[in-house]
Amino acid sequence: MKEEKGTSAGEASPKGTSRRSFIKGSLATLATVSIVPRHVLGKGYLAPSDTLTKAIVGTGSMGRGHIPYAGTKVVALCDVDKKHLDIAVNMVDKGVKTFSDYRELIQLPEVDIVHVATPPHWHGIIAADAARAGKDVWCEKPMTRTIGEGKRLVEAVQQHGRVFRLNTWFRFESNFYGMNTTVKPIKKLVQSGLLGWPLKVTVSKHTGFDWKFYWVGKTNNAPQAVPAELDYDMWLGPAPFKPYSEHRVHQTFRGYWDYDGGGLGDMGQHYIDPIQYFLGKDDTSPVSVEVDAPQQHTEAVGTWRRITYTYADGCQIVLDGEAKDDKVAYIEGPKGKLYPNFKSDIPDLEKKLAAFPDPEPQVTDFVDAVKNRKKFALNEENGHRSCTIVNMGLIALRLGRSLKYDPDKQEFIDDEGANRLINQPMRAPWTI
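To keep things clear, this report deals only with the structure shown in the data block. Computed from a predicted structure; not experimentally measured.

Things to note about the overall build of the protein chain
Thinking step 1. Scanning the protein chain for helices and strands turns up 14 helices and 16 strands.
Thinking step 2. The proportion of buried residues among the 432 residues of the protein chain is 55%.
Thinking step 3. Across the protein chain, every contact between residues at least 6 apart in sequence was considered, and the portion connecting residues at least 24 apart equals 66%.
Thinking step 4. Carbon and sulfur atoms make up 50% of the accessible area of the protein chain, which amounts to about 18800 Å² in all.

This is the structure we're talking about:
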């Protein structure tokens, strides 16, 4: 595989510039530069602008959408598709380095943060390698494609003292889909006890959550010629080799088990992570998953009717794909129910809720978390737990059976087939 050896966007990079001369020049002009990466002047040093430097791996629509993120400046870009890379280059300042191999990018001393915006089959490998290279990490959802990759990514982030952010934000900001409120008052309601315990949460079209069942794969893809601009072997990376077909890559890759998990892989962590948070389950996982679905194809992701997760204390998360009940409550407890738009069968709910304390504050500014070495609100630990729920469901769907799970050992109980899918083979030479 080839890479572009750190060329700069819009201009040729100077030859033979040594690290020593670069530092010397940077120090000499410190008073006039707008951005100096922390690594240039020593560990812990912040530039006068307080701007962090960032590299983006994967410059499709998601990666490009994060180019202007406040408090950061893009200094490097990487993509295996030259067309995607060229579009991104035209969105940034001249001098940004470009690569087709992320392994070169993560070694750049001037990079503070690596943003992983690739398809999910690459998330764990690139994020873990970036952490080992001393970079803080911003990773797209789902955090990893398998439970085993998630476990090893957690280890890499923590062993190397990195700050990690998973890019789903509903546990701390934005209207939470059909609930028409942020998650904060839902968390407050749950911890108040007004609904009772245990609780059942139903994620359905009728509670405001679209499962995007258009993310299904095709079973009759004919081999096609690989476009000249795409390094298809590198795009596949750890995934099994399959002949190139346009439908397997880029916008429609989510319909194939090799790279993602359909609508559940796409939206599952957006929907489920806030539930883990407001149920207080960030340090555990369900003990069982039940599936009601058609038999899945071995390569192409299909649809499902219902997936039910149960925790040790009886709480449940129900993913309702059929959406038959148009009057279902989002949260149902023995003392009351909560419906979309924060409506409830509890009289004077908001007045009663006002008497209870607000949830504990969260660290929600990633730039501040990186600068001050704080654990971000959605980090490698709780992100792995909510991603595990997604991956438990995907494993049960692929096998076509319900499963028991040990949240402490993070493995399935008495099911060798399910446990084999925790750590799925990777195509050589890739490992995590």
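That shown, we press on.
What about the pattern of salt bridges?
Two side chains of opposite charge can pair, provided their charged atoms sit close to one another.
Thinking step 1. What the rule picks out here adds up to 29 salt bridges.
Thinking step 2. With its nearest N and O atoms 2.5 Å apart, the salt bridge here joins Asp313 to Lys281. With Asp313 in the loop between β10 (306-310) and β11 (316-320) and Lys281 in the loop between α10 (262-279) and β9 (288-292), this pair connects stretches of sequence that are 32 residues apart.
Thinking step 3. On the accessibility criterion, Lys281 (9% relative accessible area) is buried.

Focus on the sheet that holds strand β13 (residues 336-339)
Thinking step 1. A sheet is described by the order of its strands in space; here nine strands give the open sequence β14-β13-β12-β8-β11-β10-β9-β15-β16, paired in mixed fashion. For this open sheet the edge positions go to β14 (343-344) and β16 (411-412), each flanked by a neighbour on one side alone.
Thinking step 2. Summarising the sheet, strand β12 (residues 331-333) and β13 pair through three bridges and their orientation is antiparallel. The partner of Glu332 across the bridge, within β13, is Lys337.

Topic: the pairing of strand β6 (residues 136-139)
Thinking step 1. Where burial is concerned, the two faces of β6 agree: the one with Asp136 and Trp138 and the one with Val137 and Cys139 are both buried.
Thinking step 2. Taken together, the four bridges between strand β5 (residues 113-116) and β6 define a ladder with parallel strand orientation. By the bridge assignment for β6, Val116 is matched with Cys139.
Thinking step 3. In terms of handedness, the path from β5 via helix α6 (residues 120-132) over to β6 forms a crossover that is right-handed.
Thinking step 4. Where β6 meets strand β7 (residues 164-166), three bridges bridge the pair, whose relative direction is parallel. Directly across from Val137, in β7, lies its bridge partner Phe164.

Topic: unusual backbone geometry
Thinking step 1. Here the bond from Trp197 into Pro198 is cis, since omega is 0°, no more than 30 degrees from zero.
Thinking step 2. The linkage connecting Ala428 with the following residue, Pro429, adopts the cis geometry, with an omega of 10°.
Thinking step 3. Relative to the helices and strands, Pro429 resides in the segment after α14 (416-420).
Thinking step 4. In the Ramachandran plot, His250 falls in the positive-phi region, its phi being about 50° despite a non-glycine side chain.
Thinking step 5. Inspection of the secondary structure assignment puts His250 in the loop between α9 (232-236) and α10.

Here's the deal with the packing of aromatic side chains
Here the distance between the centres and the angle between the planes together describe a pair of aromatic rings.
Thinking step 1. Across all of its chains, the model carries 28 aromatic pairs by this definition.
Thinking step 2. Where Tyr232 meets Trp235, the ring centres are 6.4 Å apart and the plane angle is 15°; that geometry is what we call stacked. Of the two residues, Tyr232 and Trp235 are both situated in helix α9; the distance of three residues between them amounts to about one turn of the helix.
Thinking step 3. Where Phe278 meets Tyr330, the ring centres are 6.2 Å apart and the plane angle is 70°; that geometry is what we call edge-to-face. With Phe278 in helix α10 and Tyr330 in the loop between β11 and β12, this residue pair connects regions lying 52 residues apart in the sequence. Tyr330 shares its class with Phe278; the two are buried.
Thinking step 4. A network of ring pairs unites the aromatic residues Trp169, Phe170, Phe176, Tyr177, Phe209, Trp211, Phe213, Tyr271, Phe278, Trp304 and Tyr330 as a single cluster.
Thinking step 5. The ring of Tyr277 is capped by Lys187, whose NZ or CZ atom sits 4.8 Å from the centre of that ring.
Thinking step 6. When the ring centre of Tyr256 is taken as reference, the NZ or CZ atom of Arg248 above it lies at 4.7 Å.

Cut-offs applied
Residues numbered from 1 in each chain as written. Predicted model: local features only at pLDDT ≥ 70, side-chain atom pairs only at ≥ 80, totals over all residues. Heavy atoms only, no water. Helix = DSSP H or I, 4+ residues; strand = E, 2+ residues; numbered from the N terminus. Buried < 20%, exposed > 50% of the residue type's maximum accessible area, 1.4 Å probe, protein only. Contact = heavy atoms within 4.5 Å. Areas by Shrake-Rupley, 256 points an atom, 1.4 Å probe, with all protein chains shown as cover. Salt bridge = Lys/Arg side-chain N within 4 Å of Asp/Glu carboxyl O. Pairing = 2+ DSSP bridges. Right-handed = clockwise from strand over helix to strand, strands pointing away. Phe/Tyr/Trp six-rings, centres within 6.5 Å; stacked < 30°, edge-to-face > 60°. Lys NZ or Arg CZ within 6 Å of the ring centre and 35° of its normal.

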